[in-house]
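Inside the fold
One letter stands for each residue in the lines below.
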Amino acid sequence: MNAAATRDRTRLRVRVSGAVQGVGFRPYVYGLAMRYGLAGFVINGPEGVIIEVEGHRASEFVATLPLEAPPLARIDQICVRETVALAAKDFSIGPSEVGKLSTQIVADAAVCRQCVSELFDPEDRHYLYPFISCCHCGPRYTIAERLPYDRRNTVMRAFRLCAACAADYADPASRRFHAEAIACPACGPRLSHGISAIVAAITAGQIVAIKGLGGYQLLCDARNQEAVLRLRRRKHRLQKPLAVMVESKERVSEIAEANAAELTLLESIARPIVLLPTRNNLAPAIAPGLSRVGVMLPVAPLHHLIFHAFRSPQARAGSGPVIVVTSANLCGEPLLTDNAQALRRLKGVADLVVSHDRDILTRADDSVVSVVAGRAQFVRRARGYVPEPIRLARSVPPVLAVGGALKSTVTITRDDQAFVSQHIGDLNTAEGIRAFEKTIRHLTSSLDVEPVAVAHDLHPDMASTRFAEANARALVAVQHHHAHAAAVIAEHGHAGPALALVLDGHGFGSEGGNWGGELLLCEGTWSRRIGHLAPLQMPGGDRAAREPWRMASAVLHGLGRGNEIGQRFAAQGQAGGLSDLLDQPGGTTTTSAGRLFDAAAALLGIANLQSYDGEAAMKLEALVRQTAILEAGWTIDGGVLSLGPLFSRLIADDFDVAGGAGLFHGTFAAACVDWVTRSARTTGVNTVVLSGGCFLNAVLADKIPRGCSDAGLTPLVPQRLPPNDGGLSLGQAWIAALQMAQQSPARGGTA
């Protein structure tokens, strides 16, 4: 090519950042370059994907690049600059560059339709192979050790590719070009037991443990009451609801009601558990006392193979199999991932343990989502969504936030992104703390970040607080409910002041005490408590959070009806003396919204005791058929909201349980809207942040934002994180990062 021709050609250097590694982006670029007749190269780099294209149609290439990207790709930014033409003739895919990382690993994805088709094609070499995957599906985050996302940096380096897989891996025209989890029966991972053994055990009413994408799962027949009860006894999970799996969206209607938005979520690449109104034709022990059931569709090829093996003429003509799929963890410990540990710990729990030899580096529970007022709301964010970052309003210093004690997550900031970890669980066991520490090590390593500060909860006795104090020179303590509010502010990129209504179970107050129903005024790193729920005694301290009848007794005592405690709760051994205990000064009090739900549930005879967090509140919500508002059912005095009039009405003898549940929810929601609206008029602040675990309640999550909007306010709700403590670490990180950016103490109140 002569010099004049070279001058007429354009060569562009393109940097694409976002989730663009391990998703088939390089073969996509290769194909696009071939279409436009361009020369150059594409490589994985520390900042994303680096492309150089040369030719007369280079500008068309750049314009098309974001329009046809692979399904798992997410493009955050495309930077283009012109460079010197080299008279190149070919386009190639080169080796990865190394350097300071600013890209990321993408989340695990459910097996795609093309792979499922090949899975059941007798002519395909992946026929009935439980580890089939391609660039568009399969494990990512759970098998990756570090970036760049190349096979050598994943657990798949233990499996040497056979000739056929090596050819696919090297062929830019293949759907498996540089699909790092590529494998086949000749060279890949293997199950310890056959599919027929799994199906035979489930059919016989036994409990089966299988190694899933993010950890071990326990399976049994969801229509077999005895099998479900046996699973509950063995797992020590007596009441907490269990999720179920059906073969396809067409089968969902057999067990639950689902609208278009819910079906879309079920079929999404993330394949979360979706909470749906139940049709009550499963074993009664699946979700006792609740109106919704968690439903999911097959995630991994192994799930598809199990359902395929269940098929029979009868199953196709009538109802299909429904399988309980629950995390294989015991007594609140983290999800099991290690083969040897699973065999040891699941002895006596599972009748059959099915493992395989592909390691899981990062455990990830199934995500749980519900649809409220037409929008998706996380209950638990994990597999399928993590480590997708939250985009921040500005670049901030790198910080680590270690969350709380329950529903734990951690967050790391990098530039203008916040990476919130998968759900870790509760930090009340040694195994839980080890999982928490491992998650921190993996996240900091994979993101190539060295935090300059660690943010933690104000509570001095949390395991996460102790970790922060032992592992950081720069510490930022953040009040629990301020962190809840800041998580939503950070997610929405809101600037300026905001009111925050935080309805929660428990949080350590800025000056001590037990908070949980708070109205805050927030701006930047600063917050001030401008209101709270009326304090209520907690007879027995923390025990009252496990025994709702105690909170009901405190309500009766506060209404001057303490003499009724012994009669109403005669079945509780200590009920007779509780009134005397409540008469004593100096007892523990709380402003917790969660404890009000407990009290209402006990007063209505729904739950005197609870075996899992939120049980009484969830069973109370399940009884709501329609809501009602008790006029003058609350008082607001000096920023303090009291529901005393509502409780006086609830304990009347003429209430049925469903009516009482509807009145409580409707009145509480209306009271909160009135409370916020008055504060907005007083402060002149019209943006209202709504967060805290009580906003998992579908009635509150619908009515309070709607009421705020009707009052002319702008409500901000959690969208990409759960409102409970699973979002806490993002709020801590945002406040700490802003403080570190300012390099000065926050003004005013307590962070």
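Bear in mind the structure is a predicted one, so any value in this text is a computation, not a measurement.

1. Here's the deal with the pattern of salt bridges
This model, assessed by the stated rule, comprises 33 salt bridges. The partner of Arg175 in a salt bridge is Glu118, with the nearest N and O atoms 3.1 Å apart. With Arg175 in the loop between α5 (163–170) and α6 (195–203) and Glu118 in helix α4 (residues 113–119), the pair connects residues that are 57 residues apart, well separated along the chain. Salt-bridge contacts for Glu564 lead to Arg568; the nearest nitrogen and oxygen are separated by 3.3 Å. Look at the salt bridges and you will find they share partners, linking Arg74, Asp76, Glu388, Arg391 and Asp416 into a network.

2. Things to note about the sheet that holds strand β12 (residues 352–354)
The strand order across the open sheet formed by nine strands is β12-β6-β7-β11-β8-β10-β9-β13-β14, and the pairing between neighbours is mixed. Where the open sheet ends on each side, the last strands, each with one partner, are β12 and β14 (375–380). Inspection of the sheet shows strand β8 (residues 244–245) paired to strand β10 (residues 292–296) by two bridges, in the parallel sense. Its bridge partner lying in β10, Met245 is registered against Met296. Sheet strands touched by helix α10 (residues 301–310): β6 (208–211), β7 (216–221), β8 and β11 (323–327). Its angle to β6, the strand with the most contacts, is close to 140°.

3. Structural notes on unusual backbone geometry
Working note: non-glycine residues mostly have negative phi, and peptide bonds are mostly trans. Here the amide bond leading from Val386 into Pro387 is cis, since omega sits at 15°, within 30 degrees of zero. Following the sequence through the fold, Pro387 ends up in the loop between β14 and β15 (390–396). The backbone phi angle of Ala87 is positive, close to 55°, even though this residue is not glycine. Note on placement: Ala87 falls in the loop between β4 (74–83) and β5 (91–93).

4. Examining the environment of Leu738
By the secondary structure assignment, Leu738 is in helix α25 (residues 728–742). What makes Leu738 buried here is its relative accessible area of 8%. Sequence-wise, Leu738 and Ala261 are 477 residues apart; in three dimensions their C-alpha atoms are separated by 36 Å. Those residues in contact with Leu738, other than ones at most four positions away along the chain, are Arg394, Gly524 and Thr525.

5. With respect to the sheet that holds strand β3 (residues 48–55)
In space, the five strands of this open sheet follow the order β4-β1-β3-β2-β5, with mixed pairing throughout. Looking at strand neighbours, the two that pair on one side only are β4 and β5, the edges of this open sheet. If you compare each strand with its neighbour and ignore which way they point, the axes differ by 15° on average. Pairing analysis gives seven bridges linking strand β1 (residues 10–19) to β3, with the strands arranged antiparallel. Counterpart to Arg15 in the pairing with β3 is Ile50.

6. A word on helix α19 (residues 575–583)
One turn of an α-helix holds 3.6 residues; hence residues three or four places apart share an orientation. Those residues of α19 not exposed but buried are Ala575, Leu578, Ser579 and Leu582. Axial view of α19: buried residues confined to an arc of 100°, hence all on one face. Away from the buried face of α19 by more than 90 degrees, exposed residues Gly576, Asp580 and Asp583 are located. Residues of α19 that are buried sit in contact with β23 (536–537), α17 (548–558) and α18 (565–568).

7. Thoughts on the nonpolar core
Residues Leu501, Leu503, Phe647, Phe664, Phe668 and Ile704 are the most contacted members of the largest nonpolar core, which totals 67 residues. If one sorts the elements of this core by residue count, helix α23 (residues 657–683) sits on top with 12 residues. For Phe664, the contacting residues outside a window of four places in its chain are Leu596, Phe597, Ala600, Leu620, Leu646, Phe647 and Leu650. Grouped together as the second largest cluster of nonpolar side chains are 44 residues, Leu330, Val371, Tyr385 and Tyr612 included.

8. Observations concerning the packing of aromatic side chains
Aromatic rings in a pair are described by how distant their centres are and how their planes are angled relative to each other. The final tally for this structure, using the stated rule, is 10 aromatic pairs. Aromatic side chains Phe25 and Tyr28 sit 5.6 Å apart centroid to centroid with 70° between the ring planes, which places their arrangement in the edge-to-face category. Residue Phe25 and its partner Tyr28 are both found in helix α2 (residues 25–35); the two are separated by three residues, about one turn of the helix. Across the pair, Tyr28 and Phe25 agree in class, each one buried.

9. Focus: the side chain of Ser355
With respect to the helices and strands, Ser355 occurs in the loop between β12 and β13 (368–372). Setting aside anything within four residues of it in sequence, one finds Ser355 in contact with Arg190, Leu191, Ser192, Lys211, Tyr216 and Asn339.

10. Quick look at the environment of Gly332
Tracing the backbone through its elements, the reader meets Gly332 in the loop between β11 and α12 (339–345). Between the C-alpha atom of Gly332 and that of Asn428, which follows or precedes it by 96 residues, the distance is 8.0 Å. Those residues in contact with Gly332 that sit more than four places away from it in its chain are Asp426 and Asn428.

11. Focus on the pairing of β3
Within β3, eight of the eight residues are buried, which leaves it mostly tucked inside the rest of the structure. Bridge analysis of strand β2 (residues 39–45) against β3 gives seven bridges, and the strand direction is antiparallel. Within β3, the residue paired with Val42 across the bridge is Ile51. The loop that links β2 with its antiparallel partner β3 comprises two residues.

12. Quick notes on the packing of α17 against helix α20 (residues 593–603)
With their axes 7 Å apart at the nearest point, α17 and α20 run at an angle of 90° to one another. Taken together, the axis directions place α17 and α20 in an arrangement best described as roughly perpendicular. Across the interface between the two elements, Pro548, Trp549, Met551, Ala552, Val555 and Leu556 from α17 touch Arg595, Asp598, Ala599, Ala602 and Leu603 from α20. When its residues are assigned to classes, the contact of α17 with α20 shows nine nonpolar, no polar and two charged.

13. Description of the pairing of strand β9 (residues 273–277)
In terms of burial, β9 is a largely internal element, four of the five residues being buried. Alignment of β9 against β10, held across four bridges, turns out to be antiparallel. Residue Pro277 lies in a different strand from β10, and its bridge partner there is Arg292.

14. Thoughts on the confidence of the model for the protein
Residue-level pLDDT values for the protein average 93, and 96% of them are 70 or greater. Across residues 1–6, where pLDDT falls below 50, the model places five contacts with residues more than four positions away in sequence or in other chains.

15. Comments concerning helix α14 (residues 463–471)
Among the residues making up α14, those that are buried are Ala463, Ser464, Thr465, Phe467 and Ala468. Structurally, α14 contributes buried residues whose contacts are with β16 (399–401), α13 (430–447), β18 (453–457) and β19 (475–478).

16. Focus: the environment of Val488
Within the secondary structure, Val488 sits in helix α15 (residues 480–492). Residue Val488 is classed as buried on the basis of its relative accessible area, which comes to 1%. Spatially, the C-alpha atoms of Val488 and Ile565 are 40 Å apart, while their sequence positions differ by 77 residues. Apart from the residues within four sequence positions on either side, Val488 is in contact with Val689, Leu690, Ser691, Leu716, Val717 and Pro718.

17. What about the state of the cysteines?
Under the criterion given, the structure shown has zero disulfides. Here Cys162 is not cross-linked by a disulfide; its sulfur's nearest cysteine counterpart is in Cys184, at 3.5 Å. The thiol sulfur of Cys694 is not disulfide-bonded, and the nearest other cysteine sulfur, from Cys672, lies at 9.1 Å. Given a relative accessible area of 10%, Cys694 falls into the buried group.

Here is what the cut-offs are and how they apply
- Residues numbered from 1 in each chain as written.
- Predicted model: local features only at pLDDT ≥ 70, side-chain atom pairs only at ≥ 80, totals over all residues.
- Heavy atoms only, no water.
- Salt bridge = Lys/Arg side-chain N within 4 Å of Asp/Glu carboxyl O.
- Helix = DSSP H or I, 4+ residues; strand = E, 2+ residues; numbered from the N terminus.
- Pairing = 2+ DSSP bridges.
- Contact = heavy atoms within 4.5 Å.
- Axes fitted to C-alpha atoms, helices over the stretch in contact; angles between N-to-C directions.
- Buried < 20%, exposed > 50% of the residue type's maximum accessible area, 1.4 Å probe, protein only.
- Arc of directions from axis to C-beta.
- Core = buried A, V, L, I, M, F, W, Y, C linked by side-chain atoms within 4.5 Å.
- Phe/Tyr/Trp six-rings, centres within 6.5 Å; stacked < 30°, edge-to-face > 60°.
- Parallel < 35°, antiparallel > 145°, perpendicular 65-115°, else oblique.
- Nonpolar A, V, L, I, M, F, W, Y, C, P; charged D, E, K, R; others polar.
- pLDDT = per-residue confidence, 0-100.
- Disulfide = S-S within 2.5 Å.

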